[in-house]
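Here is how the chains run, residue by residue.
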Amino acid sequence: MNKKETAEIKKNFSDKSGFFIMEKILTAFVDAEKNLRCHNINSCLTMPVEEHEVYSETLKKVLNTNVGKSFVEYEFPNEAYEEGMAQDVLYKLLKSELKDEEAAENFLNHIANNIACEGPFAVITAYCTYTIRKKDKMDEFSEGEDELYRYILTAICPVNTSSDGFVFDSFNNEITKKLNTELIISKSPCDGFLYPVFSNRSTDINHVMYYTKSASKPNISIVENVLGCSFVMSAENEKASFQNILKNVVGDDLDYTLIKTVNEKIQEVVEENKNETDTPVIDTLRLRDILSDAGVPEERVQMIEPVFEKTCGSAPLKASNLVETKTVLTSPGITVNIKPSAADKIRTSVVEGRRCLLIDIDDPTIEINGLPVTLN
């Protein structure tokens with residue numbers, strides 16, 4: 001799923017959509033020892049409005065449009081299709097439409113037995129349908145060509161007690177320490193997943209989308225043990241790996257202009273492919289072209305393949321994870337943040353024997369600590 005496809009599902013995740021129905025909700029509580037303590041299946045059609053809204057609000061957070069970072073697509077390996085394995089468990093739950101008690105219990109036990117999670121947590125899973133309106137060559141909706149996208153959306157929410165702060169005791173007319181022994185389920189899921197994926201505006205049962213609240217600290221056990229997929233590097237690690245590749249390949253030739261140019265070319269790759277289903281990536285061939293166009297000497301470009309393989313293996317890097325939204329220049333005691341629109345106003349040079357950072361200022365009036373200063 002790309003950002004556009006994710007946005008379509010998220011936009012229509014509402015009763016007001018007219019094309020969306022959340023039919024049933026499966027809820028469960030798993031204690032700190034990973035025991036499945038309780039679970040229930042409820043119809044959304046008869047659920048109180050206030051309760052339905054809380055579930056919708058929580059689940060919708062899993063549909064994160066930060067695709068490739070907080071919301072990552074994974075392909076099931078062959079063994080995941082075997083009886084009792086990840087894809088098999090998910091597919092049977094989907095097919096049951098949350099009407100089969102056995103399929104629901106197998107799903108919840110599969111999570112409880114395979115997840116690594118500190119403390120208790122709640123599982124909230126919804127069975128939803130979305131009517132996909134198909135268009136013809138004239139970009140008009142085709143009658144009778146609609147497709148029904150059936151999917152399950154799961155949110156894994158941490159559970160904790162809260163006893164911080166003070167409360168006013170109106171009976172004794174005093175302020176006392178707040179005591180709360182109730183287990184509170186967070187409305188902000190730490191992890192979640194969508195199955196099957198919505199790809200090319202159709203259903204793809206061979207892939208699953210994993211959500212993490214913290215892109216830099218994903219729960220690898222959910223990806224590998226619960227979903228049965230091979231974990232890929234986080235966005236943060238991919239960026240660090242790419243930086244190591246540049247340092248090892250380009251070496252002393254790294255300068256402000258080269259770094260800016262490489263970032264701009266990767267941004268072009270992202271923009272050119274933003275509506276494509278496949279996530280744009282940077283592999284050895286694409287990186288060779290980028291560095292060659294940026295003026296890196298051929299003998300350095302020839303080093304890309306062995307350095308890339310040593311750093312990342314054979315896996316390409318997601319282009320969106322490598323793009324810098326701003327340029328940050330740091331030196332002991334100095335930090336300069338530069339927006340893309342101002343990147344061309346920065347130069348490095350040697351002035352009277354000293355290495356200098358030069359900033360072109362079109363308007364002679366600038367602000368320092370919020371105060372206007374005129375440069376003469």
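Residues numbered from 1 in each chain as written. Predicted model: local features only at pLDDT ≥ 70, side-chain atom pairs only at ≥ 80, totals over all residues. Heavy atoms only, no water.

## Describing a nonpolar patch on the surface
Link 1 in the chain: Nonpolar side chains collect at one region of the surface, where Leu 357, Ile 359, Ile 361 and Leu 375 lie side by side and expose about 330 Å² of accessible area between them.
Link 2 in the chain: Its place among the elements puts Leu 357 in strand β18 (residues 354-359). (Patch = residues over 30% accessible without salt bridge, like charges linked within 9 Å, V, L, I, M, F, W, Y side chains within 5 Å. Areas by Shrake-Rupley, 256 points an atom, 1.4 Å probe, with all protein chains shown as cover. Salt bridge = Lys/Arg side-chain N within 4 Å of Asp/Glu carboxyl O. Helix = DSSP H or I, 4+ residues; strand = E, 2+ residues; numbered from the N terminus.)

## Points about the packing of aromatic side chains
Link 1 in the chain: Taken as a whole and assessed by the stated rule, the structure comprises seven aromatic pairs.
Link 2 in the chain: Consider the rings of Phe 76 and Tyr 195, whose centres lie 5.8 Å apart with planes at 70 degrees: the pair is edge-to-face. Here the residue Phe 76 occupies a position in the loop between β3 (71-75) and α3 (86-96), and Tyr 195 occupies one in strand β9 (residues 191-195), the gap between them amounting to 119 residues.
Link 3 in the chain: Classification of Tyr 195 by relative accessible area gives buried; the value is 0%.
Link 4 in the chain: Taking the centre distance of 6.2 Å and the plane angle of 75 degrees together, the rings of Phe 107 and Phe 193 count as edge-to-face. Of this pair, Phe 107 sits in helix α4 (residues 101-114) while Phe 193 sits in strand β9, and the two are 86 residues apart along the sequence. (Phe/Tyr/Trp six-rings, centres within 6.5 Å; stacked < 30°, edge-to-face > 60°. Buried < 20%, exposed > 50% of the residue type's maximum accessible area, 1.4 Å probe, protein only.)

## As for helix α10 (residues 304-312)
Link 1 in the chain: Buried residues of α10: Ile 304, Val 307, Phe 308 and Cys 312, and no others. One side of α10 carries all its buried residues, which in axial view fall inside an arc of 100 degrees. Opposite its buried face, α10 presents the exposed residues Glu 305, Pro 306, Glu 309 and Lys 310, each directed more than 90 degrees away.
Link 2 in the chain: In the core, the buried residues of α10 are packed alongside α6 (235-250), β13 (281-282), α8 (284-293), α9 (298-301) and β14 (317-318).
Link 3 in the chain: Backbone geometry just after α10 places Gly 313 at a positive phi near 75 degrees. (Arc of directions from axis to C-beta. Contact = heavy atoms within 4.5 Å.)

## Digging into the layout of surface pockets
Which parts of space are left empty comes out when a probe the size of a water molecule is rolled across the atoms.
Link 1 in the chain: Roughly 910 Å³ of internal volume is contained in the largest pocket.
Link 2 in the chain: Forming the walls of the largest pocket are 28 residues, and the residues nearest its centre are Tyr 256, Ile 259, Thr 327, Val 328 and Leu 329.
Link 3 in the chain: When residues of the lining of the largest pocket are traced back to their parent elements, those giving at least two are α6, α7 (256-272), β15 (327-331), β16 (334-338), β17 (346-351) and β18.
Link 4 in the chain: For the lining of the largest pocket, the per-class residue count stands at 15 nonpolar, seven polar and six charged.
Link 5 in the chain: Reported here for the second largest pocket is a volume of approximately 610 Å³.
Link 6 in the chain: Contributing to the lining of the second largest pocket are 26 residues, with Glu 73, Tyr 74, Glu 75, Val 232 and Lys 318 lying nearest its centre.
Link 7 in the chain: Of the residues contributing to the lining of the second largest pocket, the split by class is 15 nonpolar, six polar and five charged. (1 Å grid on protein atoms, 1.4 Å probe; cavity = no way out; pocket = protein on both sides within 12 Å on 5 of 7 lines; lining within 4 Å. Points joined across faces, edges and corners; volume = space filled by probe spheres on them. Nonpolar A, V, L, I, M, F, W, Y, C, P; charged D, E, K, R; others polar.)

## Topic: the packing of α8 against α10
Link 1 in the chain: α10 packs onto α8 with a crossing angle of 130 degrees between their chain directions and a minimal axis gap of 10 Å. By the criterion of interaxial angle, the relationship of α8 to α10 is oblique. Classified by chirality, the crossing of α10 by α8 is right-handed. Between α8 and α10, the contacting residues are Thr 284, Leu 287, Arg 288 and Leu 291 on the first element and Ile 304, Glu 305 and Phe 308 on the second.
Link 2 in the chain: When grouped by side-chain class, the residues that make up the contact of α8 with α10 number four nonpolar, one polar and two charged. (Axes fitted to C-alpha atoms, helices over the stretch in contact; angles between N-to-C directions. Parallel < 35°, antiparallel > 145°, perpendicular 65-115°, else oblique. Left-handed = near helix turned anticlockwise from the far one by under 90°.)

## Examining the side chain of Lys 318
Link 1 in the chain: Mapped onto the secondary structure, Lys 318 falls in strand β14.
Link 2 in the chain: Despite its burial, Lys 318 remains without a salt bridge, the nearest opposite charge being carried by Glu 238 at 4.1 Å.
Link 3 in the chain: The contacts of Lys 318, once residues within four sequence positions are left out, are Gly 68, Val 72, Val 232, Glu 238, Thr 279, Pro 280 and Val 281. (Lys, Arg positive; Asp, Glu negative; His and termini not counted.)

## Some words on unusual backbone geometry
Link 1 in the chain: The residue after Tyr 195, namely Pro 196, is reached through a cis peptide bond having omega -10 degrees.
Link 2 in the chain: Along the chain, Pro 196 turns up in the loop between β9 and β10 (197-199).

## Overview of the nonpolar core
Link 1 in the chain: By size, the foremost hydrophobic cluster in this structure holds 32 residues, and its most contacted members are Leu 90, Phe 107, Phe 193, Val 208 and Leu 227.
Link 2 in the chain: Ranked by the residues each element gives to this core, the list is headed by α4, at five residues.
Link 3 in the chain: Beyond its immediate sequence surroundings of up to four residues, Phe 193 is in contact with Val 62, Leu 90, Phe 107, Ile 111, Ile 152, Leu 153, Thr 154, Val 208, Met 209, Tyr 210, Val 226 and Leu 227.
Link 4 in the chain: The next biggest cluster of nonpolar side chains, apart from the first, holds 29 residues, and it includes Phe 71, Tyr 149, Tyr 151 and Ala 155. (Core = buried A, V, L, I, M, F, W, Y, C linked by side-chain atoms within 4.5 Å.)

## Thoughts on the confidence of the model for the protein
Link 1 in the chain: Overall, the predicted model of the protein reaches an average pLDDT of 88, with 94% of residues at or above 70.
Link 2 in the chain: For the protein, per-element mean pLDDT is lowest for strand β6 (residues 166-169), which scores 77, and highest for β9, which scores 97. (pLDDT = per-residue confidence, 0-100.)

## Concerning the packing of α7 against α8
Link 1 in the chain: In contact at an axis separation of 10 Å, α7 and α8 are set at 135 degrees when each is read in the N-to-C sense. Comparing their axes, α8 and α7 come out oblique. Considering the relative orientation of α7 and α8, their crossing is right-handed. In this structure, α7 uses Val 262, Lys 265, Ile 266 and Val 269 to contact α8, whose residues at the interface are Arg 286, Ile 290, Leu 291 and Asp 293.

## Quick look at the pairing of strand β1 (residues 20-30)
Link 1 in the chain: Counting buried positions along β1 yields eight of 11 residues, so the element is predominantly enclosed.
Link 2 in the chain: Here β1 pairs with strand β4 (residues 121-132) via 10 bridges, running antiparallel. When the bridges of β4 are listed, Ile 21 appears paired with Thr 129.
Link 3 in the chain: Here β1 runs beside strand β2 (residues 36-43); their pairing, made up of seven bridges, is antiparallel. Paired with Lys 24 across the two strands is Ser 43, which belongs to β2.
Link 4 in the chain: Here β1 folds back onto β2 in antiparallel fashion, the turn holding five residues, of which Lys 34 has a positive phi close to 65 degrees. (Pairing = 2+ DSSP bridges.)

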